[in-house]
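# Summary of the model geometry
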Amino acid sequence: MKEFKYVIKDKEGIHARPAGLFVKEASAYPCTVTICKGDKETDAKRIFGIMGLGVKCGEEITVKVNGEKEEEAMAALSKFLEENL
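Residues numbered from 1 in each chain as written. Predicted model: local features only at pLDDT ≥ 70, side-chain atom pairs only at ≥ 80, totals over all residues. Heavy atoms only, no water.

### Points about unusual backbone geometry
One non-glycine residue, Lys69, adopts positive backbone phi at about 65 degrees. Relative to the helices and strands, Lys69 resides in the loop between strand E4 (60-66) and helix H3 (70-84). Given a relative accessible area of 43%, Lys69 falls into the partly exposed group. (Helix = DSSP H or I, 4+ residues; strand = E, 2+ residues; numbered from the N terminus. Buried < 20%, exposed > 50% of the residue type's maximum accessible area, 1.4 Å probe, protein only.)

Below is the structure:
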């Protein structure tokens, strides 16, 4: 299992459009992808789970990847967050 932390820079936090794109990106990999904020954790391949975290600008999330192609998934998701959130 690999994980990385990221602080959201988008002034609107994680909202519907980038959350949907993140789900699409995470779903491209066979490994499990989880997003954590504080004590909440959700499947990153489910948009309602991501939206339910209520992540705002300046808050830190942890993205965990586990399984097949986890290195590729981690690199792609980290790049996605840097470019979009």
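Next comes the rest of the account.
### Description of the packing of helix H1 (residues 16-27) against H3
Their axes nearest at 10 Å, the elements H1 and H3 cross at an angle of 165 degrees. With respect to H3, the axis of H1 lies roughly antiparallel. The crossing of H1 and H3 is right-handed. Within the contact between the two elements, H1 uses Pro18, Leu21, Phe22, Glu25 and Ala26 and H3 uses Ala76, Leu77, Phe80 and Leu81. Across the contact of H1 with H3, the residue classes break down as eight nonpolar, no polar and one charged. (Axes fitted to C-alpha atoms, helices over the stretch in contact; angles between N-to-C directions. Parallel < 35°, antiparallel > 145°, perpendicular 65-115°, else oblique. Left-handed = near helix turned anticlockwise from the far one by under 90°. Contact = heavy atoms within 4.5 Å. Nonpolar A, V, L, I, M, F, W, Y, C, P; charged D, E, K, R; others polar.)

### Focus: the sheet that holds strand E2 (residues 32-37)
Spatial ordering of the open sheet is given by E1-E4-E2-E3, a layout of four strands whose pairing is antiparallel. The open sheet has two edge strands with one neighbour each: strand E1 (2-7) and strand E3 (40-43). Sheet twist, expressed as the average angle between the axes of neighbouring strands with direction ignored, equals 20 degrees. In this structure, E2 lies alongside E4, joined through five bridges in antiparallel fashion. (Pairing = 2+ DSSP bridges.)

### Considerations on the nonpolar core
Core analysis: the largest hydrophobic core is formed by 26 residues, its most contacted members being Phe22, Ile61 and Leu81. Top contributing element to this core by residue count: H3, with six residues. Setting aside its immediate chain neighbours within four residues, Ile61 contacts Phe4, Lys5, Tyr6, Ile8, Ile14, Ile35, Cys36, Lys37, Val55 and Leu81. (Core = buried A, V, L, I, M, F, W, Y, C linked by side-chain atoms within 4.5 Å.)

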